[in-house]
Every structure is written in structure tokens, then in C-alpha cells.
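Examining the three-dimensional arrangement
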Amino acid sequence: MPSLDTANLLWGLVFSSIGFVYFVFGKRQSLYVVRYVGIALMVYPYFITNTLALVLVGIALMFVPKFIK
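Residues numbered from 1 in each chain as written. Predicted model: local features only at pLDDT ≥ 70, side-chain atom pairs only at ≥ 80, totals over all residues. Heavy atoms only, no water.

Structurally, Lys-27 can be placed in helix α1 (residues 6–29). The class for Lys-27 is exposed, based on a relative accessible area of 53%. (Helix = DSSP H or I, 4+ residues; strand = E, 2+ residues; numbered from the N terminus. Buried < 20%, exposed > 50% of the residue type's maximum accessible area, 1.4 Å probe, protein only.)

Listed below in C-alpha cells is the structure:
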């Protein structure tokens, strides 16, 4: 069960919103890596309860499309 800590909820909302934008952009441009990273950004906050880990994984996922094409 996800943590109901305020910081986790806010960071989860931020990264899920960014993931939605990645998903829509990847779908419209037919970029599979961006699309799948968007899905990952929307889903992963449900599984990570540590706030620092949540932020670090989110930032790392946001940079994946830059290095994998």
C-alpha cells in the first residue's frame, strides 16, 4: 500500500503528470521509448514509499529517453 505522506503524494502527482505528457508525446510522435517511460513514470510512485528514492527514480526515468533512442 502506498504511503500517505504528503511529500510522497505531491511528488507522485508531479511525476505522474510528467509521465502523462511523456506518454502522449511518445504516442503522437511514435517514439516507443518515450511512451514506455511515460507509463513507467505514471506507475512507479505506487511502489516506492521512500520520498528520496521516489524523487531519484523519477529524475532518472525522465533522462532515459535522452540516452536511449
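Moving on: the nonpolar core. Across soluble globular proteins, you tend to see nonpolar side chains buried next to one another. Phe-15, Val-37, Leu-41, Tyr-44, Leu-54 and Leu-61 form the largest nonpolar core, which has six residues in total. Of all the elements in the fold, those that place two or more residues in this core are α2 (32–43) and α3 (51–67). Other than its neighbours up to four places away in sequence, Tyr-44 contacts Phe-15, Leu-54, Val-57, Gly-58 and Leu-61. (Core = buried A, V, L, I, M, F, W, Y, C linked by side-chain atoms within 4.5 Å. Contact = heavy atoms within 4.5 Å.)

Moving on: α3. When the terminal C-alpha atoms of α3 are compared, their 25 Å separation across 17 residues agrees well with the 24 Å that a helix rising 1.5 Å per residue should span. Listed as buried for α3 are Leu-54, Val-55, Gly-58, Leu-61 and Pro-65. Capping the start of α3, Asn-50 holds a side-chain oxygen 3.3 Å from the backbone nitrogen of Leu-52, two or three residues further along. (Expected span 1.5 Å × (residues − 1). Polar contact = N/O pair within 3.5 Å; in protein donor to acceptor, adjacent residues only side chain to side chain.)

Tallying each qualifying case throughout the model produces two aromatic pairs. Measuring from ring centre to ring centre gives 5.7 Å for Trp-11 and Phe-15, while their planes differ by 25 degrees; the resulting arrangement is stacked. One end of the pair is Trp-11 and the other is Phe-15, both in helix α1 and four residues apart, which spans about a single turn. When its relative accessible area of 3% is taken as the criterion, Phe-15 is described as buried. Where Phe-15 meets Tyr-44, the ring centres are 6.3 Å apart and the plane angle is 55 degrees; that geometry is what we call tilted. Linking Phe-15 in helix α1 with Tyr-44 in the loop between α2 and α3, this pair joins segments that are 29 residues apart in sequence. (Phe/Tyr/Trp six-rings, centres within 6.5 Å; stacked < 30°, edge-to-face > 60°.)

The values are spatial; any link to function lies outside them.
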